[in-house]
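Listed below are the residues making up each chain.
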Amino acid sequence: MFKQRVVFVHGAGPFGAAAWPRQHGMALAYDALFLRRHGFDPVAGPMESSFTEDTAIILRSLADDGRGGAGGHVVAHAQGAIAAMMAAVQRPDLVFSLTLVEPACLSLTAELPATSAHVALMQPLFDVRHQLGDEDFQREFLRRMFAADLQEPSSVEEKRSARRLRLQVPAWEAPLHIVPGVPTMVLTGGWEPLYEEIAGYLRETGAVHRVAAGGHRPQDSAEGDRAIRSFIADVSRSASVQAS
């Protein structure tokens, strides 16, 4: 039985299937792929992030790899939403729908107040990220972004996670300046004006906007998971009706 593909793209934290615990069960109804962005590997050391490489990873995952058809739905969180939108701009024929969870698409809203304030706060930190240690950068990033204190990384994976965070290229430097013409839903946690501003911008360009509990990870809540599944199912049904 042919299953439509759904590609999941993580943010700057957990990667692969670990980034989408609520969505594992979607593999029962879809051909679900939980991607690893460039520089995220359980064995190899972290590398500088790349919007271009991430976009290529997504597009390769949507190719016809012998499954009987190309394309699929893309669900992306935070920084992963940048490459997801870039993929949809490049190949809208392959992206059936976009679900953007707390999307860090700051280059689209650079002139708006919440985004401008965020960049002004974070730019000085990113300017010196290559002079800082991994833990020092992570500590200051969390303080500025979430007003949270850092628990010192102790395991090998925690230390790699700190390095990956430091090696993320600032989201506002992404070469993303237009919105793709594909069915799009934005899911936010309703906690941070920055993401609500981005969601508002995308809503004005035709996206659906849903808010669910869960802070920066609304996909982990029952309401957020339900919104993701419902949107993809609705798009699939609509496409089936149009094709018949």
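Structure shown above.
None of the values given here were measured: they were computed from a predicted structure. (Residues numbered from 1 in each chain as written. Predicted model: local features only at pLDDT ≥ 70, side-chain atom pairs only at ≥ 80, totals over all residues. Heavy atoms only, no water.)

A. Focus on the overall build of the protein chain. For the protein chain, the count of helices and strands is 7 helices and 6 strands. Starting at the N terminus and walking to the C terminus, you meet the elements of the protein chain as β-β-α-β-α-β-α-α-α-β-α-β-α. Computed over its C-alpha atoms, the radius of gyration of the protein chain comes to 18 Å, within 12% of the 18 Å expected for a compact globule of 244 residues. Viewed in the frame of its principal axes, the protein chain has a C-alpha envelope of about 60 × 40 × 30 Å. The proportion of buried residues among the 244 residues of the protein chain is 51%. Restricting to contacts in the protein chain with at least 6 residues of sequence separation, those with at least 24 account for 70%. For the protein chain, the accessible surface area stands at approximately 11000 Å², while carbon and sulfur atoms represent 55% of it. Averaged over its 23 positive side-chain charges, the protein chain has a centre that lies 5 Å from the centre of its 28 negative ones. (Helix = DSSP H or I, 4+ residues; strand = E, 2+ residues; numbered from the N terminus. Rg over C-alpha atoms; globule rule 2.2 N^0.38 Å. Buried < 20%, exposed > 50% of the residue type's maximum accessible area, 1.4 Å probe, protein only. Contact = heavy atoms within 4.5 Å. Areas by Shrake-Rupley, 256 points an atom, 1.4 Å probe, with all protein chains shown as cover. Lys, Arg positive; Asp, Glu negative; His and termini not counted. Charge placed at Lys NZ, Arg CZ, Asp CG, Glu CD.)

B. Structural detail: the packing of helix H3 (residues 113-127) against helix H6 (residues 193-204). Between H3 and H6, the least distance of the axes is 8 Å, while the angle of their chain directions is 135 degrees. When the interaxial angle is binned, H3 and H6 end up oblique. Like other packed secondary-structure pairs, H3 and H6 cross with a definite hand, here left-handed. Contacts between H3 and H6 pair Pro113, Ala114, Thr115 and His118 from the former with Pro193, Leu194 and Glu197 from the latter. Among the residues forming the contact of H3 with H6, the class breakdown is 4 nonpolar, 2 polar and 1 charged. (Axes fitted to C-alpha atoms, helices over the stretch in contact; angles between N-to-C directions. Parallel < 35°, antiparallel > 145°, perpendicular 65-115°, else oblique. Left-handed = near helix turned anticlockwise from the far one by under 90°. Nonpolar A, V, L, I, M, F, W, Y, C, P; charged D, E, K, R; others polar.)

C. Structural context of the environment of Thr115. Structurally, the position occupied by Thr115 is in helix H3. Note on Thr115: relative accessible area 0%, which makes it buried. Through-space distance from the C-alpha of Thr115 to that of Ala147 is 17 Å; in sequence the pair is 32 residues apart.

D. Expanded view of the side chain of Asp225. Tracing the backbone shows Asp225 in helix H7 (residues 222-243). Taking relative accessible area as the criterion, Asp225 reaches 9% and is therefore assigned buried. With near-sequence residues (within four places) excluded, Asp225 lies in contact with Arg22, Gln23, Pro218 and Gln219.

E. Here's a closer look at the packing of aromatic side chains. All told, the structure shown has 9 aromatic pairs when counted by the stated rule. Look at Phe126 and Phe141: their rings are 6.3 Å apart centre to centre, the planes differ by 80 degrees, and that puts the pair in the edge-to-face class. Here Phe126, found in helix H3, pairs with Phe141, found in helix H4 (residues 134-146); they are 15 residues apart in sequence, far enough to count as distant. Accessibility expressed as a relative area gives 11% for Phe141, which makes it buried. Here the aromatic rings of Phe146 and Trp191 are separated by 5.7 Å at their centres, their planes lie at 20 degrees, and the arrangement is stacked. (Phe/Tyr/Trp six-rings, centres within 6.5 Å; stacked < 30°, edge-to-face > 60°.)

F. Main features of the environment of Ser221. As for its placement among the helices and strands, Ser221 is situated in the loop between strand S6 (208-211) and H7. On the basis of relative accessibility, which here comes to 13%, the residue Ser221 falls in the buried class. Along the backbone, Ser221 and Thr115 are 106 residues apart, and their C-alpha atoms lie at a distance of 26 Å. Engagement of the side chain of Ser221 in a polar contact is seen with the backbone oxygen of Pro218, the distance being 2.8 Å. (Polar contact = N/O pair within 3.5 Å; in protein donor to acceptor, adjacent residues only side chain to side chain.)

G. Examining the sheet that holds strand S4 (residues 95-101) more closely. The strand order across the open sheet built from 6 strands is S2-S1-S3-S4-S5-S6, with neighbouring strands paired in parallel fashion. Of all strands in the sheet, those with a lone pairing partner are strand S2 (31-34) and S6, marking the two edges. Along the sheet, successive strands turn relative to each other by an average axial angle of 15 degrees, direction set aside. Two strands pair when backbone bridges link them, and strand S1 (residues 5-9) and strand S3 (residues 72-77) are joined in this way by 5 bridges, in the parallel orientation. Across the sheet, residue Arg5 finds its bridge partner in S3, namely Gly72. (Pairing = 2+ DSSP bridges.)

H. Focus on H3. Between its terminal C-alpha atoms H3 stretches 21 Å, which fits the 21 Å expected from 15 residues at 1.5 Å a residue. Maximum bend of H3: about 30 degrees, positioned at Leu121, with proline Pro124 one to four residues after it. Here H3 has its buried residues at Thr115, His118, Val119, Met122, Leu125 and Phe126. Tucked into the core, H3 has its buried residues touching H4 and H6. (Expected span 1.5 Å × (residues − 1). Bend = angle between axes of the 7 residues up to and from the residue.)

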